[in-house]
Amino acid sequence: MTRSDLVEELAARFAQLKHRDAEFAVKAMLDAMSDALVRGHRIEIRGFGSFSISRRPPRLGRNPRSGETVTIPEKRVPHFKPGKALREAVDRRTRELEAQAETA
């Protein structure tokens, strides 16, 4: 699902929302989440999962073209951990779809 798919879904589910309002709501939510992660905060959405920042230490790598050793600096990357309810829902729905495919 892309960002525009999410906007379309939101606008379709809530008839009182215009497309522009749904787009603004999605942008505001994603911007707030990005800002929180940049500040080093953890985001937890009950029943869905949590977002946090993981630290990747500096390391040595290789340039694939020349084979030369390259120092790769430390990085901070976002990390998502799905919640129990999301994991179970995905597992259950996947099994249902597989069972439907077998009977068809």
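Residues numbered from 1 in each chain as written. Predicted model: local features only at pLDDT ≥ 70, side-chain atom pairs only at ≥ 80, totals over all residues. Heavy atoms only, no water.

### Brief notes about the pattern of salt bridges
Right, so step 1: Scanning the entire structure with this criterion turns up eight salt bridges.
Right, so step 2: Between Glu-9 and Arg-13 there is a salt bridge, with the nearest N and O atoms lying 3.1 Å from each other. Linking Glu-9 with Arg-13, this pair stays in helix 1 (residues 3-13), spanning four residues, or about one helical turn.
Right, so step 3: Glu-44 is the partner of Arg-42 in a salt bridge, and the nearest nitrogen-oxygen pair spans 3.0 Å.
Right, so step 4: By relative accessible area, Glu-44 is classed as partly exposed at 43%.
Right, so step 5: Salt bridges here are not isolated pairs; linked through shared partners, they connect Arg-42, Glu-44 and Arg-46. (Salt bridge = Lys/Arg side-chain N within 4 Å of Asp/Glu carboxyl O. Helix = DSSP H or I, 4+ residues; strand = E, 2+ residues; numbered from the N terminus. Buried < 20%, exposed > 50% of the residue type's maximum accessible area, 1.4 Å probe, protein only.)

### Overview of the nonpolar core
Right, so step 1: Formed by Met-33, Ala-36, Leu-37, Ile-43 and Phe-51, the largest nonpolar core amounts to five residues.
Right, so step 2: Counting residues per element, this core draws most heavily on helix 2 (residues 19-38), which supplies three residues.
Right, so step 3: Residues in contact with Met-33, not counting those within four places in the same chain, are Ile-43, Ile-45 and Phe-51. (Core = buried A, V, L, I, M, F, W, Y, C linked by side-chain atoms within 4.5 Å. Contact = heavy atoms within 4.5 Å.)

### Quick notes on the environment of Leu-86
Right, so step 1: Here Leu-86 is to be found in helix 3 (residues 84-103).
Right, so step 2: On the basis of relative accessible area, Leu-86 is assigned to the partly exposed category, the value being 22%.
Right, so step 3: When residues no more than four places from it in sequence are discounted, the contact partners of Leu-86 are Gly-47, Phe-48 and Phe-80.

### Thoughts on the sheet that holds strand 1 (residues 43-45)
Right, so step 1: Judged by pairing direction, the sheet is antiparallel, and its three strands sit side by side in the order 1-2-5 without closing on themselves. Every interior strand has two partners, whereas the edge strands, strand 1 and strand 5 (75-82), have only one. Put simply, the sheet's adjacent strands are angled 25 degrees from each other on average, direction ignored.
Right, so step 2: As judged from the eight bridges shared by strand 2 (residues 49-56) and strand 5, these two strands associate in the antiparallel manner. Following the sheet pairing, Ile-53 is matched in strand 5 by Pro-78. (Pairing = 2+ DSSP bridges. Axes fitted to C-alpha atoms, helices over the stretch in contact; angles between N-to-C directions.)

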